[in-house]
Amino acid sequence: VQLQASGGGLVQAGGSLRLSCIASGSIFGINAMGWYRQAPGKERELVAAISSGGSTNYADSVKGRFTISRDNAKNTVYLRMNSLKPEDTAVYYCNAEVRDSSRYLRDYWGQGTLVTVSS
(Lines give C-alpha, C1' and ligand atoms only; values in the text may rest on other atoms or scores of the structure.)
Protein backbone atom coordinates (compact mmCIF):
# COMPACT_ATOMS: atom_id res chain seq x y z
CA VAL A 1 0.00 0.00 0.00
CA GLN A 2 1.27 3.47 -0.89
CA LEU A 3 0.01 7.00 -0.31
CA GLN A 4 0.91 9.63 -2.89
CA ALA A 5 0.39 13.26 -1.91
CA SER A 6 0.36 16.20 -4.30
CA GLY A 7 -0.75 19.80 -4.61
CA GLY A 8 1.72 21.71 -2.48
CA GLY A 9 3.48 24.81 -3.67
CA LEU A 10 4.20 28.47 -3.09
CA VAL A 11 1.27 30.81 -2.52
CA GLN A 12 0.82 34.33 -1.20
CA ALA A 13 -0.93 34.97 2.09
CA GLY A 14 -4.67 34.91 1.60
CA GLY A 15 -4.41 32.46 -1.25
CA SER A 16 -5.67 28.90 -1.62
CA LEU A 17 -4.33 25.45 -2.38
CA ARG A 18 -5.84 21.98 -2.63
CA LEU A 19 -3.87 18.95 -1.55
CA SER A 20 -4.70 15.46 -2.76
CA CYS A 21 -3.58 12.07 -1.52
CA ILE A 22 -4.28 8.80 -3.31
CA ALA A 23 -3.96 5.42 -1.66
CA SER A 24 -3.04 2.52 -3.92
CA GLY A 25 -2.12 -1.12 -3.62
CA SER A 26 -3.81 -4.17 -2.10
CA ILE A 27 -6.50 -2.31 -0.20
CA PHE A 28 -9.50 -4.02 1.37
CA GLY A 29 -10.77 -0.87 3.06
CA ILE A 30 -9.75 2.46 4.55
CA ASN A 31 -10.86 3.77 7.91
CA ALA A 32 -9.81 7.27 8.93
CA MET A 33 -7.78 9.49 6.65
CA GLY A 34 -6.08 12.70 7.61
CA TRP A 35 -3.56 15.42 7.03
CA TYR A 36 -0.71 16.33 9.33
CA ARG A 37 1.92 19.01 9.00
CA GLN A 38 5.38 19.68 10.29
CA ALA A 39 6.93 23.12 10.28
CA PRO A 40 10.70 23.61 10.65
CA GLY A 41 11.78 23.04 14.24
CA LYS A 42 8.33 21.89 15.31
CA GLU A 43 6.65 18.57 15.93
CA ARG A 44 4.24 17.02 13.48
CA GLU A 45 0.67 18.02 14.26
CA LEU A 46 -2.77 16.94 13.14
CA VAL A 47 -4.42 19.38 10.75
CA ALA A 48 -7.63 17.57 9.87
CA ALA A 49 -9.07 14.08 9.83
CA ILE A 50 -12.10 12.40 8.30
CA SER A 51 -13.69 9.08 9.15
CA SER A 52 -14.91 6.54 6.64
CA GLY A 53 -18.42 7.86 7.29
CA GLY A 54 -17.45 11.48 6.68
CA SER A 55 -17.14 12.82 10.22
CA THR A 56 -14.44 15.45 10.42
CA ASN A 57 -12.30 17.17 13.00
CA TYR A 58 -9.87 20.06 12.64
CA ALA A 59 -7.07 21.72 14.51
CA ASP A 60 -8.30 24.95 16.05
CA SER A 61 -5.77 26.92 14.00
CA VAL A 62 -7.38 25.88 10.69
CA LYS A 63 -11.07 25.76 11.55
CA GLY A 64 -13.11 27.81 9.13
CA ARG A 65 -10.26 27.98 6.60
CA PHE A 66 -9.49 24.36 5.71
CA THR A 67 -11.87 21.65 4.53
CA ILE A 68 -11.07 17.96 4.42
CA SER A 69 -13.02 15.61 2.18
CA ARG A 70 -12.63 12.16 0.68
CA ASP A 71 -13.73 10.11 -2.28
CA ASN A 72 -14.03 6.53 -1.07
CA ALA A 73 -14.41 5.16 -4.60
CA LYS A 74 -11.03 6.66 -5.50
CA ASN A 75 -9.31 6.01 -2.15
CA THR A 76 -8.47 9.70 -2.12
CA VAL A 77 -8.46 12.38 0.54
CA TYR A 78 -8.34 16.11 -0.15
CA LEU A 79 -7.51 19.19 1.86
CA ARG A 80 -8.83 22.48 0.60
CA MET A 81 -6.89 25.33 2.21
CA ASN A 82 -8.24 28.86 1.98
CA SER A 83 -7.09 32.15 3.52
CA LEU A 84 -3.61 30.76 3.92
CA LYS A 85 -1.27 32.38 6.41
CA PRO A 86 2.54 32.34 6.64
CA GLU A 87 2.21 30.19 9.76
CA ASP A 88 0.61 27.48 7.60
CA THR A 89 3.98 26.95 5.96
CA ALA A 90 5.00 23.33 6.53
CA VAL A 91 5.43 19.95 4.96
CA TYR A 92 2.00 18.35 4.80
CA TYR A 93 1.67 14.60 5.18
CA CYS A 94 -1.36 12.47 4.48
CA ASN A 95 -2.18 9.51 6.66
CA ALA A 96 -4.59 6.62 6.27
CA GLU A 97 -5.61 3.68 8.41
CA VAL A 98 -5.73 0.92 5.83
CA ARG A 99 -6.93 -2.65 5.99
CA ASP A 100 -5.05 -4.53 3.31
CA SER A 101 -6.09 -7.59 1.34
CA SER A 102 -4.89 -9.79 4.22
CA ARG A 103 -7.29 -7.85 6.50
CA TYR A 104 -4.32 -6.51 8.43
CA LEU A 105 -4.90 -2.96 9.69
CA ARG A 106 -2.11 -0.41 9.92
CA ASP A 107 -1.26 3.25 9.43
CA TYR A 108 0.36 4.48 6.24
CA TRP A 109 1.97 7.83 5.49
CA GLY A 110 2.46 9.75 2.28
CA GLN A 111 5.80 11.28 1.34
CA GLY A 112 4.91 14.84 2.26
CA THR A 113 4.23 17.88 0.11
CA LEU A 114 5.66 21.31 0.90
CA VAL A 115 3.33 24.28 1.33
CA THR A 116 5.00 27.68 1.52
CA VAL A 117 2.94 30.79 2.24
CA SER A 118 4.66 34.10 1.63
CA SER A 119 3.68 37.28 3.45
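So, here's what we can say about the structure. Remember, predicted model here, so these are calculated numbers, not experimental data.

Looking at unusual backbone geometry
Now for step 1: Positioned with a positive phi, N75 is a non-glycine residue whose angle comes to about 50 degrees.
Now for step 2: Looking at the secondary structure, you find N75 in the loop between strand 7 (66-71) and strand 8 (76-81).
Now for step 3: Classification of N75 by relative accessible area gives partly exposed; the value is 24%.
Now for step 4: The backbone of R103 shows a phi angle near 70 degrees, a positive value even though the residue is not glycine.

Concerning the nonpolar core
Now for step 1: Grouped together as the largest cluster of nonpolar side chains are 30 residues, with contacts concentrated most on W35, V47, F66, L79, M81 and Y92.
Now for step 2: Among the elements of the structure, strand 1 (2-6), strand 3 (17-24), strand 4 (27-38), strand 5 (45-50), strand 7, strand 8, strand 9 (90-100) and strand 11 (113-118) are those that each provide at least two residues to this core.
Now for step 3: Tallying contributions element by element places strand 9 first for this core, with five residues.
Now for step 4: Excluding anything up to four places from it in sequence, V47 contacts W35, Y36, R37, N57, Y58, A59, V62, F66, L79 and Y92.

Conventions and cut-offs
- Residues numbered from 1 in each chain as written.
- Predicted model: local features only at pLDDT ≥ 70, side-chain atom pairs only at ≥ 80, totals over all residues.
- Heavy atoms only, no water.
- Helix = DSSP H or I, 4+ residues; strand = E, 2+ residues; numbered from the N terminus.
- Buried < 20%, exposed > 50% of the residue type's maximum accessible area, 1.4 Å probe, protein only.
- Core = buried A, V, L, I, M, F, W, Y, C linked by side-chain atoms within 4.5 Å.
- Contact = heavy atoms within 4.5 Å.

Shape descriptors only; they carry no functional weight alone.
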